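# Structural characterization, general
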Amino acid sequence: MRHTLRLTLTVLVTFSLHIRANVLTPLEEAGNFQYLAPLTVQPLIIAQDAIRLGRVDQAEALLESFLADNEANKSNAAAWELLGIVSALRGNAKASIIAFDTAIKLAPDAPVPIVRAGIVEWSQGRLKQAESRFTSALNLSPSNDFALSNLSRFYDYQSRFDDVIALLEPQQSTLSEETLYLLASALTQTGQSKKAEDT
């Protein structure tokens, strides 16, 4: 039992350090395609595939052409979200925020672009803005895993373990594996190893 607990704690600490080391990677976070709504417009599908293949120039050209093509395209939230991802991958935080904010304005009930904007804010050290965006996304969709995961990582990164627990424990049965690790890590950090084992 003691060996198992030690191994579990080692895995949790390693995972927590891995998360902290990689938390601001735009491709992993702002560009996390798992949370992108299914696309039905062919140029956007091609642009998304180009981003996945690392062809950022091609994706950017496709998106800019699509958005400039006609007025209807300019109101396509998914196109702006993809453009925000491209800008994040290029390291252009300002352009990324502008694109995500446009997507948010066009689709105000969609939490994912808000989270993506929060990740970019966080990567720029704008912690208040990042936290505000994450909580706004959760206000729209309290069980959104992308929002829960990123806000809990944000808290974990700042060693705000009680906030991680308060955020995640009520929703424990619906959390992704990664988010469960964050909860278990926070419980361990606050001396609740028994609860962490049960997570």
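Whatever comes next refers back to the structure up there.
This section reports on the structure supplied with the text. (Residues numbered from 1 in each chain as written. Predicted model: local features only at pLDDT ≥ 70, side-chain atom pairs only at ≥ 80, totals over all residues. Heavy atoms only, no water.)

For the protein chain, the helix and strand inventory stands at 12 helices and zero strands. Scanning the protein chain from its N terminus toward the C terminus, one meets helices and strands in the order α-α-α-α-α-α-α-α-α-α-α-α. Within the span of the protein chain, comprising 199 residues, buried residues form 44% of the whole. Long-range pairs, those at least 24 residues apart, make up 54% of the contacts in the protein chain between residues at least 6 apart in sequence. (Helix = DSSP H or I, 4+ residues; strand = E, 2+ residues; numbered from the N terminus. Buried < 20%, exposed > 50% of the residue type's maximum accessible area, 1.4 Å probe, protein only. Contact = heavy atoms within 4.5 Å.)

Taken as a whole and assessed by the stated rule, the structure comprises 11 salt bridges. Here R160 and E131 are joined by a salt bridge, their closest N and O atoms 3.0 Å apart. With R160 in the loop between α9 (145-157) and α10 (161-168) and E131 in helix α8 (residues 127-140), this residue pair connects regions lying 29 residues apart in the sequence. For E131, a relative accessible area of 21% gives the class partly exposed. A salt bridge links R153 to E178; the nearest nitrogen and oxygen atoms lie 3.0 Å apart. (Salt bridge = Lys/Arg side-chain N within 4 Å of Asp/Glu carboxyl O.)

We now examine the nonpolar core. Ranked by size, the top nonpolar core spans 50 residues in total, and within it F134 and L168 carry the most contacts. Excluding residues within four positions of it along the chain, F134 makes contact with V115, G118, I119, W122, N150, L151 and F154. (Core = buried A, V, L, I, M, F, W, Y, C linked by side-chain atoms within 4.5 Å.)

A few words now on the packing of α10 against helix α11 (residues 177-189). In contact at an axis separation of 9 Å, α10 and α11 are set at 135 degrees when each is read in the N-to-C sense. Taken together, the axes of α10 and α11 lie oblique to each other. Classified by chirality, the crossing of α11 by α10 is left-handed. Residues F161, V164, I165 and L168 of α10 touch α11, and the partners they reach there are T179, L182, L183, A186, L187 and Q189. Each residue belonging to the contact of α10 with α11 can be placed in one class, and the counts come to eight nonpolar, two polar and no charged. (Axes fitted to C-alpha atoms, helices over the stretch in contact; angles between N-to-C directions. Parallel < 35°, antiparallel > 145°, perpendicular 65-115°, else oblique. Left-handed = near helix turned anticlockwise from the far one by under 90°. Nonpolar A, V, L, I, M, F, W, Y, C, P; charged D, E, K, R; others polar.)

This part takes up α9. Its 13 residues place the ends of α9 18 Å apart at the C-alpha level, agreeing with the 18 Å of an ideal helix rising 1.5 Å per residue. Buried within α9 are the following residues: D145, F146, A147, L148, S149, N150, L151, S152, R153, F154, Y155 and D156. In this structure N144 caps α9, since a side-chain oxygen of it lies 3.1 Å from the backbone nitrogen of F146. Note on α9: the residue one or two positions beyond its end, S159, has a positive phi of about 60 degrees. (Expected span 1.5 Å × (residues − 1). Polar contact = N/O pair within 3.5 Å; in protein donor to acceptor, adjacent residues only side chain to side chain.)

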